[in-house]
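Residues per chain are reported as follows:
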Amino acid sequence: MSSFDVVIIGSGPGGYVSAIRCAQLGFKTAIVEKYNSLGGTCLNVGCIPSKALLSSSHHYAEIAHFADHGIEVSGDVKINLEKMIARKQAVVDQTVGGINYLMDKNKITVFNGLGSFVDATHIAVAKADGTSETIEAKYTVIATGSKPSSLPFIKIDKERIITSTEALALKEVPKHLVIIGGGVIGIELGQVYLRLGAQVSVVEFMDRIIPGMDSSLSKELTKVLKKQGMKFYVSHKVKSVERNGDAVVVQAENAKGETITLEGDYSLVSVGRRPYTDGLNADKAGVKISDRGQVEVNDHLQTSVPNIYAIGDVVRGAMLAHKAEEEGVMVAEILAGQKPHIDYNLIPGVVYTWPEVAAVGQTEEQLKAAGVKYKSGSFPFKALGRARASADLDGFVKILADEKTDEVLGVHMIGARTADLIAEAVTAMEFKASAEDISRMSHAHPTFAEAVKEAALAATENRALHV
Ligand code: FAD
């Protein structure tokens, strides 16, 4: 029987990163993945393919503005969806290939097959050819991730009533895509198909889209997406989703009890994701699963069984690839006797629409609820020279700082390249910067990053320079 210091079950960004860090720290490491392709949700059916399609569709949408730049396109510009999807797959394949290389380079043993606990130190790997192999693990890291969730009355047929996984590989552009759930995944994929010509309607139970983020971001994103043609039905509870031939009929009710009926040819169900532990036999090892299906962990990501840890989407907290990665590294370092720490308040959240939306730290709603006295400074993108040069005028940067100490408590931005700009805010907050600290740092001109400096100036003493 093969025996390892650490066995990691699941090869998503949590699992494969943890495996690399374990190997770097000198552990004999193995990773078990039930699919042939490493990389988990993120690389195969999540972050990477969705960003590939967002990128392709963004290029297409930009053509409408070519004339403003003095670029004349003669002849028809057409979508070849099959080719667009094939390109997305090539990006995925190349990225997954990179993980295979990293496993080899770090001498990590890869087992392809479903991993399930035999007991707290043994894992059976059931392979596709029907054989099974049991391996021994001193420590195990559960990194089995998540799967799309649904509502009890919705039957996902994967043809017309679909999840994000199918939405990443459609064979035609929907005529009318009805999206159930206005969270990050629904909105990103909605913008892909909106740009490609679909009518897109979003039904959201809460009173705003991207409800986990600062409400000013929801408001601005709604405004921009409405301008682009997306339709929103917020504060609507979906009551039924039925297939009628090639049509999908969605009924939803508002707070007054009024019912709307939306008929589309596809419906994307994006109401969140659920932690995934099917087939893991966690109980055989004594690992506790919560009522919400999450593997229970303490602050050190240790489960109810001392030699078994869990990370990523399968445990509490934000379902984000970079959160999973941080936890993967943390577990490896704990096993090596180090004392790593994650500040969950500083895990940024991003929506990769255009304009991009990004945030870190506390929202205004959270600060108000906690009774924290704060100052707020905002700066609009339309006042930036760089934004005018590229006609990316939508959005703003908002900085929230403690009223007395001026420490930055939250940064919320929507606009061009904010997915990258948010890193400055994370760095500043990691070092407990004040708004004034940021406002006194030189920012290259002309850049989108100047909006961060200007918002910091506005938060410090309302002394932004360019408004
Ligand atoms: P996963 O990536 O889900 O990986 C778990 C792996 O474990 C899977 O490969 C699974 O097959 C394997 N597994 C499960 N059970 C077993 C078992 N018993 N034996 C063997 N293998 C098993 N996050 C971001 O941060 N940025 C984004 O832009 C972003 N975009 C997204 C877009 C979409 C459409 C979706 C669906 C998700 C997106 N996410 C994004 C979320 C991100 O994909 C997840 O947070 C991340 O993949 C979680 O990583 P993980 O390692 O915990 O689990």
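- Going by the annotation in an unreviewed UniProt entry, the name recorded for the chain is Dihydrolipoyl dehydrogenase, with Flavobacterium chungangensis given as the source organism.
- Turning to the chain, the UniProt record has this under Catalytic activity (unreviewed entry): "N(6)-[(R)-dihydrolipoyl]-L-lysyl-[protein] + NAD(+) = N(6)-[(R)-lipoyl]-L-lysyl-[protein] + NADH + H(+)".

1. Topic: the state of the cysteines
For step 1, the next point in the chain: Following the criterion strictly, the structure yields 1 disulfide and no others.
For step 2, the next point in the chain: Cys-22 takes part in no disulfide bond, and the closest cysteine sulfur to it belongs to Cys-42, at a distance of 19 Å.
For step 3, the next point in the chain: For Cys-22, a relative accessible area of 0% corresponds to the buried category.

2. Describing the environment of Glu-327
For step 1, the next point in the chain: Here Glu-327 is to be found in helix 9 (residues 321-335).
For step 2, the next point in the chain: Judged by relative accessible area, Glu-327 falls into the buried class, the value being 0%.
For step 3, the next point in the chain: Residues contacting Glu-327, with those up to four places away along its chain left out, are Leu-301, Ile-311, Gly-312, Val-315, Arg-316, Ile-342 and Tyr-344.
For step 4, the next point in the chain: Engagement of the side chain of Glu-327 in a polar contact is seen with the backbone nitrogen of Gly-312, the distance being 2.7 Å.
For step 5, the next point in the chain: One polar contact links Glu-327 to Arg-316, side chain to side chain, over a distance of 3.1 Å.

3. Thoughts on helix 12 (residues 418-430)
Every α-helical turn comprises 3.6 residues, leaving residues that sit three or four positions apart pointing alike.
For step 1, the next point in the chain: A rise of 1.5 Å per residue sets the reference length of helix 12, with its 13 residues, at 18 Å; its end C-alpha atoms lie 18 Å apart and thus fit the reference within 8%.
For step 2, the next point in the chain: Looking only at helix 12, the buried set comprises Thr-418, Ala-419, Leu-421, Ile-422, Glu-424, Ala-425, Val-426, Ala-428 and Met-429.
For step 3, the next point in the chain: Lys-432 sits one or two positions beyond helix 12 and adopts a positive phi of about 55°.

4. Some remarks on the packing of aromatic side chains
For step 1, the next point in the chain: Within the structure shown, the criterion is met by 2 aromatic pairs.
For step 2, the next point in the chain: Between Phe-4 and Phe-111, the ring centres sit 5.8 Å apart and the planes meet at 85°, which makes this aromatic pair edge-to-face. Remark: Phe-111 occurs in strand 3 (residues 109-112) and Phe-4 occurs in strand 1 (residues 3-9); sequence separation between them is 107 residues. As far as burial versus exposure is concerned, Phe-4 and Phe-111 are alike and both buried.
For step 3, the next point in the chain: Against the face of Phe-4 rests Lys-28, its NZ or CZ located 5.0 Å from the ring centre.

5. Details of the pattern of salt bridges
For step 1, the next point in the chain: One pass over the structure, following the stated rule, counts 19 salt bridges.
For step 2, the next point in the chain: The shortest N-O distance in the salt bridge between Glu-159 and Arg-243 comes to 3.2 Å. With Glu-159 in the loop between strand 7 (146-148) and strand 8 (161-162) and Arg-243 in strand 12 (residues 236-244), this pair connects stretches of sequence that are 84 residues apart.
For step 3, the next point in the chain: What makes Arg-243 partly exposed here is its relative accessible area of 33%.

6. Re the UniProt feature "domain: FAD/NAD(P)-binding" (unreviewed entry) in the chain
For step 1, the next point in the chain: Residues given the UniProt feature "domain: FAD/NAD(P)-binding" (unreviewed entry) here are residues 4-328.
For step 2, the next point in the chain: Secondary structure content for residues 4-328 is 31% helix and 27% strand, while the C-alpha to C-alpha distance between its ends is 17 Å.

7. Quick look at the sheet that holds strand 9 (residues 176-180)
For step 1, the next point in the chain: What the 5 strands build is an open sheet, ordered 8-15-9-10-11; its pairing is parallel. Each edge of the open sheet is held by one strand with a lone partner, namely strand 8 and strand 11 (231-233).
For step 2, the next point in the chain: The pairing of strand 9 with strand 10 (residues 199-203) spans 5 bridges and is parallel. Its bridge partner being in strand 10, Ile-179 is matched across the sheet by Val-202.
For step 3, the next point in the chain: Packing of helix 6 (residues 184-195) onto the sheet brings it into contact with strand 9, strand 10, strand 11 and strand 15 (266-269), and relative to strand 10 it is tilted by some 165°.

8. Let's talk about the site of the ligand
For step 1, the next point in the chain: Around the ligand sit 39 residues, and of these Glu-33, Thr-41, Lys-51, Gly-115 and Ala-321 come closest.
For step 2, the next point in the chain: One of the backbone N or O atoms of Lys-34 is found 3.1 Å from a nitrogen atom in the ligand.
For step 3, the next point in the chain: The separation between an oxygen atom of the ligand and a polar side-chain atom of Thr-41 is 2.6 Å.
For step 4, the next point in the chain: Coverage of the ligand by the protein chains reaches 95% of its 1000 Å² of free accessible surface.
For step 5, the next point in the chain: Contributions of two or more residues to the shell around the ligand are made by helix 1 (13-24), strand 2 (29-33), helix 2 (40-45), helix 3 (47-62), strand 4 (114-119) and helix 9.
For step 6, the next point in the chain: Its residues assigned to classes, the shell around the ligand shows 17 nonpolar, 17 polar and 5 charged.

Each value, and the rule that gives it
- Residues numbered from 1 in each chain as written.
- Predicted model: local features only at pLDDT ≥ 70, side-chain atom pairs only at ≥ 80, totals over all residues.
- Heavy atoms only, no water.
- UniProt positions renumbered as here; feature names shortened; annotations may be inferred.
- Disulfide = S-S within 2.5 Å.
- Buried < 20%, exposed > 50% of the residue type's maximum accessible area, 1.4 Å probe, protein only.
- Helix = DSSP H or I, 4+ residues; strand = E, 2+ residues; numbered from the N terminus.
- Contact = heavy atoms within 4.5 Å.
- Polar contact = N/O pair within 3.5 Å; in protein donor to acceptor, adjacent residues only side chain to side chain.
- Expected span 1.5 Å × (residues − 1).
- Phe/Tyr/Trp six-rings, centres within 6.5 Å; stacked < 30°, edge-to-face > 60°.
- Lys NZ or Arg CZ within 6 Å of the ring centre and 35° of its normal.
- Salt bridge = Lys/Arg side-chain N within 4 Å of Asp/Glu carboxyl O.
- Pairing = 2+ DSSP bridges.
- Axes fitted to C-alpha atoms, helices over the stretch in contact; angles between N-to-C directions.
- Near = heavy atom within 4 Å.
- Areas by Shrake-Rupley, 256 points an atom, 1.4 Å probe, with all protein chains shown as cover.
- Nonpolar A, V, L, I, M, F, W, Y, C, P; charged D, E, K, R; others polar.

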